[in-house]
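# Structure assessment
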Amino acid sequence: MNTIRNRNEKKYDICIVGGLGHVGLPLGIVFAAKGLKVCLQDINKKSADLVKKGTLPFIEYGAESLLKNSIEEGNLSVSLSPKSISEAKFVIIAIGTPVDEYMNSKTREFLEFISSIKEYLASDQIIIIRSSISPKTCDQVIKTLGEGKWNLSYCPERIVQGYGVKELENLPQIVAGFSDHAIKEASNLFNKISSSVIVTSVAEAELAKLF
């Protein structure tokens, strides 16, 4: 059921940055299927054109009908503009992270990306990192964001590629954050789609992702 939003509310409930990838797309589809307003923000125009038509750009079992229904109902949209990031209450960062020859994620490139979108982020948003990152990266993200009270959360994904839609609702979701508000809001969000939520420290969440 569509609800009328007042002027102070954001255009979207969620904006997923990197929303057309193997991590972001199934997550966006599942949230949209639950009735949330989701924007998939990405730079991949080819995938954007496909998804807008209700076509998956890769194999994701059980997702096609959910994708089409969510688009028809107006719960799922696609944007190639980073300005869409500023229009959502929750910003989920699900970009792919490059790795070095030892399979360690390249932290500097990830932090440079955070810096590049900082102008679209605000303290009233809940920022959720979902990308694969090295331990202590979240601490560096806080420093990159700079002064102000940031509601940053780390909620790692643990799905098998191609089975995201099925596994998101069956796997417990790890939630960690740098403020009680971030932890509470991220927990409430993932409780809408996950079997359960497990709250940990940020360091524990980063290590759990690696394991």
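Structure's up top.
Everything quoted here is computed from the prediction, not taken from an experiment.

If you walk through the whole model with that rule in mind, you get one cavity of 30 Å³ or more. Taken as a whole, the largest cavity encloses approximately 80 Å³ of empty space. What lines the largest cavity is a set of 13 residues, and nearest its centre among them are Arg130, Leu168, Leu171, Pro172 and Gln173. Here the residues of the lining of the largest cavity are counted per class, giving seven nonpolar, two polar and four charged.

Before going further, it helps to examine the layout of surface pockets. By volume, the largest pocket amounts to about 350 Å³. Forming the boundary of the largest pocket are 20 residues, of which Val17, Gly18, Asp42, Ile95 and Gly96 lie nearest the centre. Taken together, the residues of the lining of the largest pocket sort by class into nine nonpolar, eight polar and three charged.

So, on to unusual backbone geometry. The phi torsion at lysine 136 lies on the positive side, around 80°, for a residue other than glycine. Accessibility expressed as a relative area gives 53% for lysine 136, which makes it exposed.

Glancing now at the state of the cysteines. Formally, a disulfide is one covalent bond, and it connects the sulfur atom of one cysteine to the sulfur atom of another. If you walk through the whole model with that rule in mind, you get zero disulfides. Cysteine 39 carries a free sulfur, and the closest cysteine sulfur to it, the one in cysteine 15, is 4.4 Å from it. You can call cysteine 39 buried: its relative accessible area is 0%. Residue cysteine 138 stays outside any disulfide, its sulfur separated by 9.4 Å from that of cysteine 155, the closest cysteine. Classification of cysteine 138 by relative accessible area gives buried; the value is 0%.

Let us now look at the pattern of salt bridges. Under the definition given, this model contains six salt bridges. With a shortest N-O distance of 3.8 Å, lysine 10 and aspartate 124 are connected by a salt bridge. Here aspartate 124 lies in the loop between helix 4 (107–117) and strand 5 (126–129) and lysine 10 lies in the segment before strand 1 (12–17), a separation of 114 residues in the sequence. In this structure, the salt-bridge partner of glutamate 185 is lysine 89, at a minimum N-O distance of 3.2 Å. Highlighted residues: glutamate 185 in helix 7 (residues 180–190) and lysine 89 in strand 4 (residues 88–93), separated in sequence by 96 residues. By relative accessible area, which is 16% here, glutamate 185 ends up buried.

What counts and what doesn't
Within each chain, residues carry numbers counting from 1 in the order of the written sequence. Under the rules for a predicted model, residues below a pLDDT of 70 receive no local features and side-chain atom pairs below 80 are neither given nor counted, while totals for whole chains, interfaces and linings still include all residues. Calculation of side-chain values draws on the structure's entire complement of heavy atoms; hydrogens and water are dropped beforehand. In this analysis the probe radius is 1.4 Å and the grid spacing 1 Å, with only protein atoms considered; a cavity is a set of points the probe fits into but cannot get out of, a pocket is an open set with protein on both sides within 12 Å along at least five of seven lines, and lining residues have an atom within 4 Å of a point. Grid points are joined across faces, edges and corners, and a volume is the space filled by probe spheres set on the points. Each residue is assigned to one class: nonpolar for Ala, Val, Leu, Ile, Met, Phe, Trp, Tyr, Cys and Pro, charged for Asp, Glu, Lys and Arg, and polar for all the others, Gly among them. Exposed residues in this analysis have more than 50% of their type's maximum accessible area, buried residues have under 20%, and partly exposed residues fall in between, with area computed by a 1.4 Å probe over protein chains only. Cysteine sulfur atoms are paired as a disulfide whenever they fall within 2.5 Å. Basic side-chain nitrogens of Lys or Arg form a salt bridge, by our definition, when they fall within 4 Å of a carboxyl oxygen of Asp or Glu. Here a strand is any run of E in DSSP of at least two residues, a helix any run of H or I of at least four, and the numbering for each starts at the N terminus.

No statement about biological role is implied by the geometric values presented.
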